[in-house]
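# Breakdown of the fold
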Amino acid sequence: MLPRFAPVLGCLLLGAVAVAAPKLCYGEAPEEDGADLILSHGVFYPVQPPGKVEGSLAVRGGRIVYLGTDTGAERLRTPKTRVIDLRGRAVTPGLIDAHSHLAGLGQSLEQVDLTGAASYGEVIRRVREAARSLPPGAWVRGRGWDQNRWPEKRFPTHQELTRAVPDHPVWLTRVDGHAALVNAAAMKALGIDAAIKDPSGGRFLRDEAGRPTGVLIDNAKGWAEGRLPAPSAEDRRRTLRKAALHCVERGLTTVTDMGIGDGDYRAYKALKGAHELPLRAALFLTDDKALLDAWFARGPEIDPDARVTVRGVKMYIDGALGSRGAALIEPYSDDPGNLGLLVSTGDHLEEVARRARARGFQVGIHAIGDRGGLVALDAMERALGGPDPGARFRLEHSQVLRLQDIQRMARLGIIASMQPTHATSDMPWAGDRVGPRRLQGAYAWRKVLDAHGRLALGSDFPVESADPRLGLYAAVTRQDLQGNPPGGWMPGERLTREEALRGFTLDAAWSLFLEKEIGSLEVGKRADLVVFAEDPMTVPEREIPRAAIDYTVVDGQVVFARGTSERGSGR
Ligand SMILES: [Zn+2]
């Protein structure tokens, strides 16, 4: 099928079937109308319009100027044009992660990886190993432990860790980021002892004698985190660059950073200025009064290159389901009497949302439990005063919602920012936490679409892998990588591949105010795209995670090419 083109940018009336030859602009030499890059003999999935186009795509000045037949593209070829013969390979728009933490990924790439550890002993072994390469007294950081994977399924206590690693302060973040485990040296450095009081919205877990066990939940973890030694500007730039390269190798061309401060903002600007940022980043400010006062006075930062955008505010209303910090309307099904924790108030969310909207910012509110979702939606509804899709307010995770709140979210035009791999990570125990009735509104992507809501997909990396192929796979199968459970978990919520791709491209772009620039292969848009060795839209489902990426292109520049050292400068 052939795409329908909208005339854009005045002189770029190229590519439409009816146009026999490219039209030239006044005052331009003919060769200036040629293409910088042509991808020929490919299968293109433009997303908008839906379907596929077999043929060529041409790029000039970083933007798509043609998508159509191979012969049509030949007219744009000049001696200077770079041509990549795709030999039938598949091309999608560049993939977008609508909810991620790029700076956090950078730090985690330098941390001890505890994901998948099947016992507390395994966690300790990995930490002890990492500590050997560090001078005594240096902090050892790690992340990704999950006691639900261990035989005893209980939170650990610090003693075993303290005995194994006595000479380094150790800080280990739980897989969901809502709890940390520390050893005795870290407690000493942070000032955590039996006399410490629990902050509101947080807990220091304690033994029968009231002594802290080393596990810090939600705001207790947040309090301690604020006392950790801060990374230097150089640390931030180095780790951010590492993370960005990690992402483009996996087909991501735009990511988000949900909750940053000035230090990270400066690192992004420095990288962009040095032409070392190979992808786009949409930054959401963390909910800090001084930071928001300054940004609200100044207004959003809308980059003409669409590389580093600051236009959002990230807030939290509750914790996570794994550590039972998510706020529920009725008690946890596996912990009677526990309703989870609200870490903020509806009044605060509403006030920030009102100010943000008045100053041209959007808000994204983390809400995992149904009480979290209820309070966050109430606050956003009051701030919006009624349906307003243009405000692009977002409910982050939207993980467990009452069915009527899914309808309300769609009616108000609030975007459901959801992460398919959270569902497949949580499916072994989510039902225990919330029970069968509430599970109907949990990880319910299909119900969001059926309600005519907007779905922006992401990964929440580094909580999950940054690899968007895993997200596409989880979205269409609701299975783990071994294909379990057969048929998928709550299979009625599965997405089609087209819906999943749209969630990771055009609708993710919409959720970031970037849909006019990116998210589809349309003439006039920026040339962000991914060339796959195997077609992720047609291979058997189980092969989607292994569909190799041959090229990642941002603004018409190859920023990753498989099997070569070709890497873009980030312009
Ligand atoms: Zn997140």
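Whatever comes next refers back to the structure up there.
So, here is what we can say about the structure in this document. (Residues numbered from 1 in each chain as written. Predicted model: local features only at pLDDT ≥ 70, side-chain atom pairs only at ≥ 80, totals over all residues. Heavy atoms only, no water.)

### Side note on the overall build of the protein
Definition in use: Each helix is a run of DSSP H or I of at least 4 residues and each strand a run of E of at least 2, with the numbering of both proceeding from the N terminus. For a compact globule the rule gives 2.2 Å times the number of residues to the power 0.38, and the radius of gyration it is set against comes from C-alpha atoms. Exposure categories follow from relative accessible area, calculated using a 1.4 Å probe and restricted to protein chains: below 20% of the type maximum is buried, above 50% is exposed, and the middle band is partly exposed. Only heavy atoms matter for contacts: two residues are in contact if any of them lie within 4.5 Å across the pair. Areas reported here follow the Shrake-Rupley algorithm with a probe of radius 1.4 Å; residue values treat only the protein chains shown as occluding.
From N to C terminus, the protein includes 18 helices and 22 strands. Relative to the 2.2 N^0.38 estimate, which gives 25 Å for 571 residues, the radius of gyration of the protein is 24 Å and therefore close to what a compact globule would have. Across its three principal directions, the C-alpha atoms of the protein cover 85 × 55 × 55 Å. Counting over 571 residues, the protein shows a buried share of 58%. Within the protein, counting contacts between residues at least 6 apart in sequence, those at least 24 apart form 72% of the total. Accessible surface, the protein as shown: approximately 22400 Å² in total, 51% of it carbon and sulfur.

### Structural notes on the environment of Ala451
As for its position among the elements, Ala451 is in the loop between helix 15 (445–450) and strand 19 (455–457). It is 40 Å that separates the C-alpha atoms of Ala451 and Ala267, two residues lying 184 residues apart in sequence. When neighbours within four sequence positions are excluded, Ala451 is seen to be in contact with Ile406, Gln407 and Ala410.

### Here we look at helix 14 (residues 430–439)
Buried within helix 14 are the following residues: Ala430, Arg433, Val434, Gly435, Arg438 and Leu439. For helix 14, the elements touching its buried residues are helix 11 (370–384) and helix 13 (420–426).

### As for the coordination of the zinc ion
Our working definition: With water excluded from the atoms, a metal site may look incomplete; its donors are any N, O or S atoms within 2.8 Å, or within 3.2 Å for Na, K and Ca.
Distances from the zinc ion to its protein donors, His99 (NE2), His101 (NE2) and Asp460 (OD), fall at 2.1 Å. All donors of the zinc ion belong to a single chain; written as a sequence motif, their spacing is H-x1-H-x358-D.

### Description of the sheet that holds strand 10 (residues 179–182)
We apply this condition: Between any two strands, pairing holds if DSSP finds at least two bridges.
Strand order in the open sheet formed by six strands is 7-8-9-10-12-11, with mixed pairing between adjacent strands. Since the sheet does not close on itself, it has two edges, and those belong to strand 7 (112–113) and strand 11 (202–206), each with one partner. Relative to strand 10, strand 9 (residues 170–174) runs antiparallel, the two sharing three bridges. From the neighbouring strand, Leu172 faces strand 10, where its bridge partner is Leu181.

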